[in-house]
Amino acid sequence: MAIQDTHRVAGLPGVDAPPGTSSRTKTQPKPARRLPVQKDWPLWAIIAAQLGLLIGIIGLWELSARAGWLDSFFWSQPSKIGHTFVVFFTEGDAWTDISFTFRSTILGFIIGTTTGSLFGLSFWWSRNYAAIAQPYIICFESMPKLALAPLIILVFGLGLTSKVVIAIALTFVISTLTAYAGVKAVDPDGEKLFYSLGATRWQVFRKFVIPSCLPWIISVLRVNIGLALTGAIVGEFISSQHGLGRTIFYAGSTYEISLVWVAVFVLSTLAVIMYAAVSWLESVLRKGTRQ
Amino acid sequence: MPVKVRLDRVGMAFATPGGVFRAVEPLDLSIEAGRFVSLVGPSGCGKSTLFNVIAGLLQPTEGRVLIDGEDATGTIGRVGYMLQKDLLLPWRTVLDNVILGMEVQGKPLKEARERALPLLQKYGLAGFEYLYPNSLSGGMRQRAALLRTLLFDTDVILLDEPFGALDAQTKLQMQEWLMQLWSDFQKTVVFVTHDVEEAIYLSDEIHVMGTRPGRILESIPIAISRPRDRVATLTPQFIAIKERCLRLLNTHALEEAA
């Protein structure tokens, strides 16, 4: 009823036409149009549809492989992948690889984000220093950091360190730039307030500049976890003894396509878990900053 | 009454490509302890510049600021300064915002909170102590900002258009509230406003200012007895002062335009 009422007011010629013209509009009535209404499906129906789609895709894949429409040498097939999955976890190095990739990603993420943000925040202390550092940061920002990966491996070796360093290289600059953008957006009136209270520079930095920039730094966390993972994987591609990236690369070069798929699925799951954890961290931090 | 704040030939000039721009003509101003003094004038008359100079945030190009007879030019932390924006920190509760001045001065947090709590309750912020500023109305935010300025424990407080952004009704309430605070705390208040009526109603003395260069056109003592009542704004005495102020501002504006 409510919808009909609003509709009638909007559509009634006498209401939106100026007085005196109603005789003209009376001859051409507007078509009765209704507000389009979309009905939400219940949650179980949505989930059922999602699962159905998944099963359908996997079923079609399996069927095509068996029927020979799809070359299973290149594309593998779900049943084989399932089997490889079990082998990978029971007889293979699944947990060693997962833990290796996880550790290098998390370490790179934490070190890159904190040092990068602190570097960006440090520009608040001196405009001259910021001006001097500026071209170098822009240079490093525009450089494709992954191109440095072979060099980093050469310098830091085949172990975990080199992967962490690549992850840091990817996350550092963006953290610096974001924190610096936060510094530039700090309200000068807020600084004035602190100074009028007789605050020292260190007090202004700690009690005002850092909390003001925190929402900026938080906003970069989700981007950085993805970048750190990319860095770790690329490092493993180039040269490594462990890790999911190394497994994918190794399986690909030995035509073990089903293992490639398994490692990709495991990697995706790892990525989703880390992304969810960072999103959770973000919401907790945001609550703390009340913005 | 002893002189609390004295501006001694304080002037402000900037070098611009077109020559020297005089923002504030060298001026003298004496404010006695415990008085409520207003500066009224159009934008660009140097009110805010003067405030920044008194607060030590801006070095005047000439002259000195004396507080209690001591040279305080360019010294920060000598006066409480409330800027136009309330500048409450969104990540702190109202209570923790209010104690900011004491905290910066190095007072232990617990002690500062204990001191602030009863005052929040007494001055209309009861029930808001542990809320965050974003859940407060404009009037409440101004109250918190003003209490923060008062709790900074300086004899002089500078208020830069504290009620400029409030609606008319809230503004009147806040004026009464400020009067109560002022008589309870016995501070020397320097108040900047665009609102002539507000200035007369609150002040012991008004300095009407003009632009280009910023200067004091005339100083008008307000001899209306305290405590004041809204009805006072309707008396011939009040209206006469208001007329004189408006005439001053108007004539000046016309001269500027000519």
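Residues numbered from 1 in each chain as written. Chains lettered and ligands numbered in written order. Predicted model: local features only at pLDDT ≥ 70, side-chain atom pairs only at ≥ 80, totals over all residues.

Caption draft 1: Quick peek at the overall build of chain A. Scanning chain A from terminus to terminus reveals 14 helices and 0 strands. Along chain A, helices and strands appear, N-terminal first, in the series α-α-α-α-α-α-α-α-α-α-α-α-α-α. Taking all 291 residues of chain A together, 31% fall into the buried category. Residue pairs in contact within chain A that sit at least 24 positions apart in sequence constitute 76% of those at least 6 positions apart. (Helix = DSSP H or I, 4+ residues; strand = E, 2+ residues; numbered from the N terminus. Buried ≥ 20, exposed ≤ 12 C-beta atoms within 10 Å, placed from the backbone. Contact = placed C-beta atoms within 7 Å.)

Caption draft 2: Looking closely at the overall build of chain B. Within chain B one finds 8 helices and 10 strands. A compact globule built from 258 residues would reach a C-alpha radius of gyration of about 18 Å, and chain B, at 19 Å, matches this within 12%. Looking at chain B as a whole, 41% of its 258 residues qualify as buried. Across chain B, contacts joining residues at least 24 apart in sequence account for 69% of those joining residues at least 6 apart. (Rg over C-alpha atoms; globule rule 2.2 N^0.38 Å.)

Caption draft 3: Region of interest: helix 5 (residues 138-150) of chain B. Residue and element names in this part refer to chain B. An ideal rise of 1.5 Å per residue puts 18 Å on 13 residues; helix 5 measures up with 18 Å between its terminal C-alpha atoms. Taken together, the buried positions of helix 5 are occupied by Arg-141, Gln-142, Arg-143, Ala-144, Ala-145, Leu-146, Leu-147, Arg-148, Thr-149 and Leu-150. At its buried positions, helix 5 is contacted by strand 6 (80-82), helix 2 (94-98), helix 3 (100-104), helix 4 (109-122), strand 7 (156-160) and helix 6 (168-185). (Expected span 1.5 Å × (residues − 1).)

Caption draft 4: Structural context of unusual backbone geometry. We note that Ser-76 of chain A has phi near 55°; this positive angle belongs to a residue other than glycine. With respect to the element layout, Ser-76 of chain A can be found in the loop between helix 5 (72-75) and helix 6 (78-90). Of note in the backbone geometry, Arg-9 of chain B takes a positive phi value of approximately 50° without being a glycine. On the secondary structure map, Arg-9 of chain B appears in strand 1 (residues 3-16). Look at Arg-9 of chain B and you get exposed, because 12 C-beta atoms sit within 10 Å.

Caption draft 5: Representation of the domain arrangement of chain A within the structure. The domain boundaries assigned to chain A delineate domain 1 (39-70) and domain 2 (88-289). For domain 1 of chain A versus domain 2 of chain A, the separation of C-alpha centres amounts to 36 Å. (Domains from an automatic or database assignment.)

Caption draft 6: Molecular detail of the packing of helix 10 (residues 160-184) of chain A against helix 12 (residues 201-238) of chain A. All names here are of chain A. Where helix 10 contacts helix 12, the axes come no closer than 7 Å and their chain directions differ by 155°. With respect to helix 12, the axis of helix 10 lies roughly antiparallel. Note that helix 10 runs across helix 12; the crossing there is right-handed. (Axes fitted to C-alpha atoms, helices over the stretch in contact; angles between N-to-C directions. Parallel < 35°, antiparallel > 145°, perpendicular 65-115°, else oblique. Left-handed = near helix turned anticlockwise from the far one by under 90°.)

Caption draft 7: How the structure looks around the sheet that holds strand 4 (residues 62-67) of chain B. Residue and element names in this part refer to chain B. Taken in spatial order, the 4 strands make up an open sheet running 2-1-4-5, and their pairing is antiparallel. Two strands in the sheet have a free side with no partner beyond their single neighbour: strand 2 (19-32) and strand 5 (70-71). In terms of strand pairing, strand 1 meets strand 2 through 10 bridges, oriented antiparallel. Within strand 2, the residue paired with Ala-15 across the bridge is Val-20. (Pairing = 2+ DSSP bridges.)

Caption draft 8: Main features of the environment of Ser-175 of chain A. Residue and element names in this part refer to chain A. By the secondary structure assignment, Ser-175 is in helix 10. We classify Ser-175 as buried; it has 28 C-beta atoms within 10 Å. In the structure, Ser-175 is positioned 14 residues away from Asp-189 in sequence and 25 Å away in space, judged by C-alpha atoms. Contact partners of Ser-175, with chain neighbours within four places excluded, come to Gly-112, Thr-113, Gly-116, Ser-117, Gly-120, Val-220 and Asn-224.

Caption draft 9: Molecular detail of the confidence of the model for chain B. When the pLDDT values of chain B are averaged, the result is 84; 100% of them are 70 or greater. The complex model carries a pTM of 0.78, and its ipTM stands at 0.85. (pLDDT = per-residue confidence, 0-100.)

Caption draft 10: The domain arrangement of chain B, seen in detail. Residue and element names in this part refer to chain B. Here chain B is described as being made up of domain 1 (3-79 + 155-257) and domain 2 (83-153). Here domain 1 and domain 2 have C-alpha centroids that lie 25 Å from each other. Taken together, the contacts link 14 residues of domain 1 with 11 residues of domain 2. Of the residues forming the side of domain 1 that touches domain 2, the biggest block, 6 residues, is contributed by helix 6. Class assignment of the residues belonging to the side of domain 1 that touches domain 2 gives a composition of 9 nonpolar, 3 polar and 2 charged. (Nonpolar A, V, L, I, M, F, W, Y, C, P; charged D, E, K, R; others polar.)

Caption draft 11: Broad picture of the pairing of strand 4 of chain B. Residues and elements named next belong to chain B. Bridge analysis of strand 1 against strand 4 gives 5 bridges, and the strand direction is antiparallel. Each bridged residue has a counterpart across the sheet, and for Gly-11 the counterpart in strand 4 is Glu-62. Taking the residues that link successive antiparallel strands as the turn, the strand 4-strand 5 hairpin has 2 residues, and the phi of Asp-68 there is positive, at about 55°.

Caption draft 12: Structural view of the nonpolar core. By size, the foremost hydrophobic cluster in this structure holds 91 residues, and its most contacted members are Ile-54 and Leu-158 of chain B. Among the elements that make up this core, the one with the highest residue count is helix 12 of chain A (9 residues). Those residues in contact with Leu-158 of chain B that sit more than four places away from it in its chain are Phe-51, Ile-54, Ala-55, Val-79, Gly-80, Tyr-81, Met-82 and Val-190 of chain B. (Core = buried A, V, L, I, M, F, W, Y, C linked by C-beta atoms within 7 Å.)

Caption draft 13: Molecular detail of the interface of chain A and chain B. Counting residues at the interface gives 16 residues for chain A, matched by 18 residues for chain B. Elements with a contribution of two residues or more to the side of chain A that touches chain B: helix 11 (188-196), helix 12 and helix 14 (257-289) of chain A. Take the side of chain A that touches chain B: its biggest share by element is 7 residues, from helix 11 of chain A. Residues that form the side of chain A that touches chain B fall into these classes: 6 nonpolar, 7 polar and 3 charged.

Caption draft 14: Inspection of the sheet that holds strand 7 of chain B at higher detail. All names here are of chain B. Ordered in space as 6-7-8-3-9-10, the 6 strands form an open sheet in which the pairing is mixed. Two strands bound the open sheet, and with one partner strand each, they are strand 6 and strand 10 (215-221). Across the sheet, the mean angle from the axis of one strand to that of its neighbour is 15°, orientation sign disregarded. The sheet contact formed by strand 3 (residues 36-40) and strand 8 (residues 188-193) spans 5 bridges and is parallel. Among the inter-strand pairings, Leu-39 is bridged to a residue of strand 8, identified as Val-192. This element, helix 1 (residues 47-54), spans strand 3, strand 6, strand 7, strand 8 and strand 9 (205-210) of the sheet and lies at about 150° to strand 7. Set on the sheet, helix 8 (residues 236-257) makes contact with strand 3, strand 9 and strand 10; between it and strand 10 the angle comes to about 170°.

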